[in-house]
Structures are given as C-alpha cells and as structure tokens.
Amino acid sequence: MSVSQVTDASFKQEVINNDLPVLVDFWAPWCGPCRMVSPVVDEIAEEYESSIKVVKINTDDNPTIAAEYGIRSIPTLMIFKAGERVDTVIGAVPKSTLASTLNKYIS
Amino acid sequence: MVDPEAPSTAPETATTNGSGAPTMPTVELDASPLPPPTPPTPVRDVIIIGSGPAAHTAAIYAARAERRPLMFEGMLAAGVAAGGQLTTTTEVENFPGFPGGLSGPELTDRFRAHSIDAGTDILTETVASVDASSRPFKVTTEWGTTHAAHALIIATGATARRLEIPGAGEAGPEAYWQRGVSACAVCDGAAPVFRNKPLAVIGGGDTAMEEALFLAKYGSSVTIVHRRDELRASKVMQRRALAHPKVRIAYSAAVDQAKGDGKLLQSVVLKDLKTGAAAEQPCNGLFFAVGHVPNTAFLGGQVKLDADGYILTTPGSTRTSVDGIFAAGDVQDKQWRQAVTAAGSGCMAAMELEHYMAQLGERQPQEEPASAEPVTAESVPV
C-alpha cells in the first residue's frame, strides 16, 4: 500500500483533523537520506495499518507547513495525535527506532 | 547539512536487496530461548565496500566474471545516502551517455540496478571495521555482523567538506544548499542561476583557486573568502587568481551567514576575523573549497594511506599495500574526482581482482561453507 502525500492545503484535513495518530514524513526530492528512510516509512505504514495513518509531505512544494513546524533538517518524522504534534524524530533512523517511538502513542 | 541521528546499536530486522543473502533475525527482548544459530556465511570471493560509480562498476565487472560480489552500500555511511556524492548533486550533465543530463540520484539508481542485474548482492549496511590481519579478510558491520572474503575492493569515496553556516544547510525556510550553495564548482558552476552573478568561494588552497578561476568564466565576480592572511595555494595558482580581473580575495574573513529570498541565495554576511566587523554583500553562489575527507577511518590503519588520508595505490593500478585489497574511486584519488574517472577505476579494480584470484586459485563455494566432505568418485561437493 502506498503512503499518500499531503500538501499545505490538505495538511489540516488529513493530519490535524484525523482521529488516528498520524506519522508525517517531511522529505524533499533531492535529499538522499530521505530516500533511504522512505522504504522504512512504507513498511511502518503496512505494519501499523489499523492503528496509525502515515503521510508524506514534500517540503520543496509545501514551504508553509515546513516553516510552520520549523523543519530545519530532513528527513524529519513527526507524530501527531488529536491535532497536536507529540513527537519528532530527526534524520533517517532505523525501523526499530521509529517503531518504538510510535508504540508510545498507540493505545 | 542533513543531520542523520546516530543509528541505533540494537540489531534489527533487515532485508537485503539481491538474492541469496539471509534476513537477520529480530532480537526480541522477552524471548527466553536463544534463536537457532545462523548458518555461517560462506567466504565470498570479494566484498565491495562503497556505493558510488567506482563500487558499482567494480561490482558489475566482478559479477560478470561470476564472482558473486557482496556489496555494502552503507546505511547513510559518512552521513551520505547510498549512491555517494552523486546523491547530493542535482543535474549530472557530463557523464557520457546521457545527452541532456540526468539527476545524480537517477544515475546512482541506474548503477545500482545494473549491479543487481549483473549478479551482485547488496546489503544496506555500513561497514564499521575490517580485519586484514589474516585471510580471508573479515568485514564487520555497525550491527555487529561479520562477513569474510578472499579479496576486498574499497570504494568508499571522499566527502567534500562543508562548513556549518546558517543558511547554507538543507532544510527549513532559510536553507540554500543546492540553491546557491554548493561544494563542487566544476559540477554546478555552469548552471544558469550563477550566470553573470556575484559568486564566492570559501577556501585558500589550490582547489579554491581553481574553482574561483573556473567560476570567473560564468559569474560577474568571484570573491575568495579565506580565514587566514595568506593563501596556501601554490604560487602559480595564487598569481593566476590574483591576476584575474573578476577575482578578488577577502583575507582573514569568513562567511557568517547565507541569506536569500526563500528560494535562492541572494547574499552572504562576511565577517572580518580580525576586527569582528560584519558586512553583507550580494552573492548568488557560494562554493566550499575546503578540502575532502576520504572515508578511510574504518580501515584502522591496516592499509597504507597518504598524508591526507587517501588510500595509497600503485600508480596506474588499484593495488594497495595489502595483497588482495584494491582501492577504487575518490578514496584513492584526490586529483580527478569525477564520476567517470571513479567508474574507470572500479573497472580496473575488478580486473585486477581477476588476476589476483587466478593467482590464489580459489573458487567461491556455491552454497555451503567449505565442508569436510571428501571428494569421491560418486560425489564432488559443489
């Protein structure tokens, strides 16, 4: 299953207003480490299909959201719950790190 | 600079790309019985460490010679994605075969697909250390797994040093890396964004001089920013740079900040290191020429390096100070440093590998590690 992309325009609807916790992958096309973490994020999306939503956002095309959440380094992974940012992971981390971070927010 | 977090030290589930290599077991914290012992990995003919044009060309040639090479492309080794320096470049217009150019990552994707197609096993793991004290050589990853091979091809490249300057990074609203900030004038200087614009080069060595002179063909002016009072470039290069009407030098200076309009670099703030005074000047291209760092620390001194850390190879060859270890690409080349020269060097390494293996007279076992089964008339262990 492929992870959907969100934009400056759809962020509120897809992420903030979502009932499930949302994992947001901030990436950019020219970012090598983003490409390394992308398959990890896809795997997480598959494995956590029923408990979280996973989306990706291209920071090049969506500077407003990137600026709003203070993205300084990419990739940056953020977890949102009930419209609030609850955690941030900076850099291309292994799946185990991402999974253990996510587990903290899943009921 | 993208900041990857240090990878977790716990081994974790990993799959490999390429056929044949086993999936690592996941370590469960609450598992009481030990997992069944992993069958010992067979000794490979060759392990290739690296992921750029040198590594992949070596892999393609070695694979076609039926060596079934094992390649460690790294998991963000040296903070750079697999594919190497090309993954930090946008357009590659000078690699032969691609009129019109293509992006760096596209080119590395193609190298990788070709290696796999030819018969290479690739692990997305970073090599932490090598043991060349006995044969076969042993390669240990940062997850603690060890693999053995009769020969090694080191193609770990060199990373252009970048300075941590506010605004010269990769993400956020004011981040102009690849939008005016670059570490390779040869690669990027001809881009339209720099044409007839004021440019700057940070550095004081020959590379900085060369880059400044190269950029002077395209920009309206080039300011060499050097932190010392004197350039360390060769006299010839210094003279040439100083003589060029478009080039000026800011001594005892440093770039404090890169600023722009949100899309592209527009100015830099230069600090006078003697007085502390800061002054902003228009600048649409900022280039780092502060040296390269060859990725050789993991070798622990077992292979002879030159004074700058580059692997020493016999001139015209990829042979190193250790028989059976070959070095290709930027890790042993501080002069040319192009994708195509690295590729050529990778080919040489694979061909020298053949010569070496012929001398050794060893063949890689197909499935099992070397078994104790005797050769009889009825059966020959494969």
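Rules of the game
- Residues numbered from 1 in each chain as written.
- Chains lettered and ligands numbered in written order.
- Predicted model: local features only at pLDDT ≥ 70, side-chain atom pairs only at ≥ 80, totals over all residues.
- Heavy atoms only, no water.
- UniProt positions renumbered as here; feature names shortened; annotations may be inferred.
- Buried < 20%, exposed > 50% of the residue type's maximum accessible area, 1.4 Å probe, protein only.
- Helix = DSSP H or I, 4+ residues; strand = E, 2+ residues; numbered from the N terminus.
- Arc of directions from axis to C-beta.
- Contact = heavy atoms within 4.5 Å.
- Core = buried A, V, L, I, M, F, W, Y, C linked by side-chain atoms within 4.5 Å.
- Expected span 1.5 Å × (residues − 1).
- Phe/Tyr/Trp six-rings, centres within 6.5 Å; stacked < 30°, edge-to-face > 60°.
- Lys NZ or Arg CZ within 6 Å of the ring centre and 35° of its normal.
- Salt bridge = Lys/Arg side-chain N within 4 Å of Asp/Glu carboxyl O.
- Pairing = 2+ DSSP bridges.
- Right-handed = clockwise from strand over helix to strand, strands pointing away.

The name given to chain B in an unreviewed UniProt entry is Thioredoxin reductase, with the source organism recorded as Porphyra umbilicalis. In the Sequence similarities (unreviewed entry) part of its UniProt record, chain B is described as follows: "Belongs to the class-II pyridine nucleotide-disulfide oxidoreductase family."

An unreviewed UniProt entry annotates chain A as Thioredoxin originating from Porphyra umbilicalis. The UniProt entry for chain A carries the following comment under Function (unreviewed entry): "Participates in various redox reactions through the reversible oxidation of its active center dithiol to a disulfide and catalyzes dithiol-disulfide exchange reactions." Of the comments in the UniProt record for chain A, the one headed Sequence similarities (unreviewed entry) reads "Belongs to the thioredoxin family."

J.: Would you mind showing me how to read helix α5 (residues 235–243) of chain B here?
T.: Counting along an α-helix, one turn takes 3.6 residues, and residues three or four places apart therefore face a common direction. Residues and elements named next belong to chain B. Buried residues of α5: Met237, Gln238 and Ala241, and no others. Taken around the axis of α5, the buried residues stretch over an arc of 100°, which confines them to a single face. Of the exposed residues in α5, those oriented more than 90 degrees away from the buried face are Lys235, Arg239 and Ala243. If you follow the buried residues of α5, they end up packed against α4 (206–215), β12 (221–225) and β13 (247–250).

J.: In this structure, what is going on with the nonpolar core? I would like to understand it.
T.: What tends to happen in soluble globular proteins is that the nonpolar side chains get buried as a cluster. Residues and elements named next belong to chain A. One finds Leu23, Ile44, Ile52, Val54, Leu77, Leu98 and Leu102 to be the most contacted residues of the largest nonpolar core, which totals 24 residues. For this core, the secondary-structure elements that each account for two or more residues are α2 (32–47), β4 (76–81) and α4 (95–103). Counting residues per element, this core draws most heavily on α2, at six residues. If sequence neighbours within four positions are ignored, valine 54 has contacts with Val3, Ser4, Leu23, Val41 and Ala45.

J.: Help me out: how do you make sense of helix α2 (residues 104–118) of chain B in this one?
T.: Between its terminal C-alpha atoms α2 of chain B stretches 21 Å, which fits the 21 Å expected from 15 residues at 1.5 Å a residue. Those residues of α2 of chain B that sit buried are Gly104, Pro105, Leu107, Thr108, Phe111 and Ser115 of chain B. Projection of α2 of chain B onto a plane perpendicular to its axis shows the buried side chains occupying an angular sector of 160°, all on one side. Of the surrounding secondary structure, the elements contacted by the buried residues of α2 of chain B are α2 of chain A together with α1 (53–64), β2 (70–72), β3 (91–92) and β4 (102–103) of chain B. Of the residues trailing α2 of chain B, glycine 119 of chain B is marked for its positive phi of about 120°.

J.: How should the UniProt feature "site: Deprotonates C-terminal active site Cys" (unreviewed entry) in chain A be read in this particular structure?
T.: Residues and elements named next belong to chain A. This chain's UniProt record puts "site: Deprotonates C-terminal active site Cys" (unreviewed entry) on Asp25. Among the structural elements, aspartate 25 can be located in strand β2 (residues 22–27). Ignoring any residue separated from it by four or fewer positions in sequence, one finds aspartate 25 in contact with Val37, Val41, Val55, Lys56, Ile57, Pro75, Thr76 and Leu77.

J.: In this structure, what is going on with the packing of aromatic side chains? I would like to understand it.
T.: How two aromatic rings sit relative to each other is set out by the distance from centre to centre and by the angle between their planes. Inspection of every chain in the model, using the stated rule, returns eight aromatic pairs over all chains. The structure contains a cluster of three or more aromatic residues connected by ring pairs, namely Phe11, Tyr69 and Phe80 of chain A. Here the basic side chain of arginine 162 of chain B rests over the ring of tryptophan 177 of chain B, its NZ or CZ set 3.5 Å away from the ring centre.

J.: Please clarify how the UniProt feature "active site" (unreviewed entry) in chain A should be interpreted in this entry.
T.: Residues and elements named next belong to chain A. The UniProt entry lists Cys31 and Cys34 under the feature "active site" (unreviewed entry), expressed in the numbering used here. Residue placement: cysteine 31 occurs in the loop between β2 and α2. Residues contacting cysteine 31, with those up to four places away along its chain left out, are Ile74 and Pro75. Mapped onto the elements of the fold, cysteine 34 is located in helix α2. Those residues in contact with cysteine 34 that sit more than four places away from it in its chain are Phe26, Trp27, Ala28, Ile74 and Pro75.

J.: Looking at this model, I keep getting lost on the pattern of salt bridges. Mind explaining?
T.: Between side chains of opposite charge, a pair can form as their charged atoms come close. Throughout the structure, instances matching the rule amount to 16 salt bridges over all chains. When the shortest N-O distance is used, the salt bridge between lysine 259 of chain B and glutamate 280 of chain B registers 3.1 Å. Of this pair, lysine 259 of chain B sits in strand β14 (residues 253–260) while glutamate 280 of chain B sits in strand β16 (residues 278–282); the two residues are 21 residues apart in sequence, bridging distant segments of the chain. A cluster of three or more residues bridged by salt bridges with shared partners is formed by Glu43, Glu47 and Lys95 of chain A.

J.: Quick question: what am I supposed to make of the pairing of β2 of chain A here?
T.: Residue and element names in this part refer to chain A. Within β2, five of the six residues are buried, which leaves it mostly tucked inside the rest of the structure. In this sheet, β4 lies alongside β2 in antiparallel orientation, the contact comprising five bridges. Paired with valine 24 across the two strands is methionine 78, which belongs to β4.

J.: What should I look at first to understand the pairing of strand β11 (residues 198–202) of chain B in this one?
T.: The side chains of a regular strand alternate between the sheet's two faces. Residues and elements named next belong to chain B. The buried count for β11 comes to five of five residues, which makes it a mostly enclosed element. The alternating pattern of β11 places Pro198, Ala200 and Ile202 on one face and Leu199 and Val201 on the opposite face, and all of these are buried. Here β11 runs beside β12; their pairing, made up of five bridges, is parallel. Along β12, the bridge assignment pairs isoleucine 202 with valine 225. The parallel pair β11 and β12 is bridged by α4, and the resulting crossover is right-handed.

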